[in-house]
Amino acid sequence: MKKINTLQIAVNQTKAFAIAMILGNSTLLFAQNKVDTTSYVHTLDIQTGKIDTLWSAKAHFEAPNWHPDNYLVLNSKGKIYTFDLASKKMNRLNTGFATACNNDHGISPDKKWLVVSHHDQTDPSTKPYKSAIFILPITGGTPRRVTSEVMSFWHGWTPDGKTLAYCGERNGNYDIYTIGIEGGTEKRLTSTEGLDDGPDYSADGKYIYFNSYRTGHMQIWRMLADGTQPEQLTFDENSNWFAHPSPDNQWIVYIAYTSDEKQNHLFGKNVKLRLMNLKTKEIKDITPVFFGGQGTINVPSWSPDSKKIAFVSYKVQ
């Protein structure tokens, strides 16, 4: 078993605490119920920079996915919701027993299925947080468990719909894994020191984009889908997380903390969204700095036409 240093222990606890916060765990260092959080759901035109604020509520909503049938999928306090872009109505989705979902969920390539990461209290693991990956119909229903190991946090789905990519904690280390949608044996793709997280497939299935702390600073990377040939894409002073390739394979959007947050992906920080041209590698800001972080853009949120993204910002009183 690999020795776990104190920094890695702190990282593991931070991620678990952040998710527990979303679920309302009062044992946290800073309890969610002691603050008044307002969530704002936005869309952003990547060419014009126009931001439309579609909805707000005094509640903690997170991580929008964009379905081509003109609605978003989000989570709040363990539940999954759909937000109709035309009517601006938020409705809870039936996810059966999976009512402790975190902000790592997404839509299948054929748009018929939803994947969720749910804290399964029935799992025999002694870990305090037991996130496992489940699949259910996009219209709601009974989830089917895919991963046998906890903690597992979904982030990507191959374009052919056959494989999931996720961040998994095994023996105190967070790395990137893949597994078939029917379950079975998981495949480990990364094994470097430091957190590897947020794996998301390019539209052609060639690359997995992810964020990594392997250099001692959180940056955006990509590798071939089999885990070989890792390539660093960002080299700046920001803490960069969660790169999401566009459906037309021309861009990635990601969240940048303006402060060095080490291996932490925290809620309630100054952040901005940035856009990289995958052909030229040119990067530009597409939002001003705003109050966000954990929950803003954890999962793929591109519009089907690759012209807009959805994201969440916050206000805390």
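Residues numbered from 1 in each chain as written. Predicted model: local features only at pLDDT ≥ 70, side-chain atom pairs only at ≥ 80, totals over all residues. Heavy atoms only, no water.

### Let's talk about the packing of aromatic side chains
Any two aromatic rings considered together are summarised by their centre-to-centre distance and by the angle between their planes. Under the defined criterion, the tally for this structure stands at 11 aromatic pairs. Linked through ring pairs, W55, F61, Y81 and F83 together constitute an aromatic cluster. One cation-aromatic arrangement involves R170 over Y177; the distance from NZ or CZ to the ring centre is 5.1 Å. Cation over ring: R214 sits above W221, and NZ or CZ is 4.9 Å from the ring centre. (Phe/Tyr/Trp six-rings, centres within 6.5 Å; stacked < 30°, edge-to-face > 60°. Lys NZ or Arg CZ within 6 Å of the ring centre and 35° of its normal.)

### Side note on the layout of surface pockets
Unfilled space is identified by rolling a water-sized probe across the atoms. When its volume is computed, the largest pocket comes out at roughly 520 Å³. In terms of lining, the largest pocket is formed by 25 residues, of which the most central are I107, K111, P245, P247 and P300. Of all elements in the fold, only β3 (62-67), β7 (106-107), β11 (152-157) and β15 (196-201) reach the threshold of two or more residues within the lining of the largest pocket. Ranked by residues supplied to the lining of the largest pocket, first place goes to β11 with three residues. Of the residues belonging to the lining of the largest pocket, the class tally is 14 nonpolar, nine polar and two charged. (1 Å grid on protein atoms, 1.4 Å probe; cavity = no way out; pocket = protein on both sides within 12 Å on 5 of 7 lines; lining within 4 Å. Points joined across faces, edges and corners; volume = space filled by probe spheres on them. Helix = DSSP H or I, 4+ residues; strand = E, 2+ residues; numbered from the N terminus. Nonpolar A, V, L, I, M, F, W, Y, C, P; charged D, E, K, R; others polar.)

### Things to note about the nonpolar core
Here is a general trend for soluble globular proteins: nonpolar side chains tend to be buried in one another's company. W241, V253, L273, L275, I286, W302 and I309 are the most contacted members of the largest nonpolar core, which has 25 residues in total. Where this core is concerned, the elements lending two or more residues are β19 (239-245), β20 (251-257), β21 (267-277) and β24 (308-316). When residues in this core are grouped by element, the largest group, four residues, is from β20. Among residues more than four places away in sequence, those in contact with I286 are L44, I46, V253, L273, R274, L275 and I309. Counting 17 residues, the second-largest nonpolar core is a separate cluster that includes F61, W66, L74 and Y314. (Core = buried A, V, L, I, M, F, W, Y, C linked by side-chain atoms within 4.5 Å. Buried < 20%, exposed > 50% of the residue type's maximum accessible area, 1.4 Å probe, protein only. Contact = heavy atoms within 4.5 Å.)

### Remarks on the confidence of the model for the protein chain
Of the residues in the protein chain, 89% have a pLDDT of 70 or more, and the chain-wide mean is 90. Contacts from residues 1-34, a stretch scored under 50 in pLDDT, to residues over four places away or in other chains number 47 contacts. (pLDDT = per-residue confidence, 0-100.)

### Points about the pattern of salt bridges
Tallied over the full model, the rule gives 14 salt bridges. Where E169 meets K127, a salt bridge forms, and the shortest distance between an N and an O atom there is 2.7 Å. Placement of the pair is E169 in strand β12 (residues 163-170) and K127 in the loop between β8 (113-119) and β9 (131-137), with a sequence separation of 42 residues. Classification of K127 as partly exposed rests on a relative accessible area of 22%. A salt bridge links K272 to D285, with the shortest nitrogen-to-oxygen separation between them at 3.2 Å. Residue K272 is found in strand β21, and its partner D285 is found in strand β22 (residues 283-285); the two are separated by 13 residues along the sequence. (Salt bridge = Lys/Arg side-chain N within 4 Å of Asp/Glu carboxyl O.)

### Observations concerning the pairing of β15
Taken across its six residues, β15 has six buried, putting it largely inside the fold. One ladder, built from four bridges, connects β15 with strand β16 (residues 207-212); its direction is antiparallel. Looking across to β16, one finds that Y201 is bridged to I208. As consecutive antiparallel partners, β15 and β16 are separated by five residues, and within that stretch G205 has a phi angle of approximately 80°, a positive value. (Pairing = 2+ DSSP bridges.)

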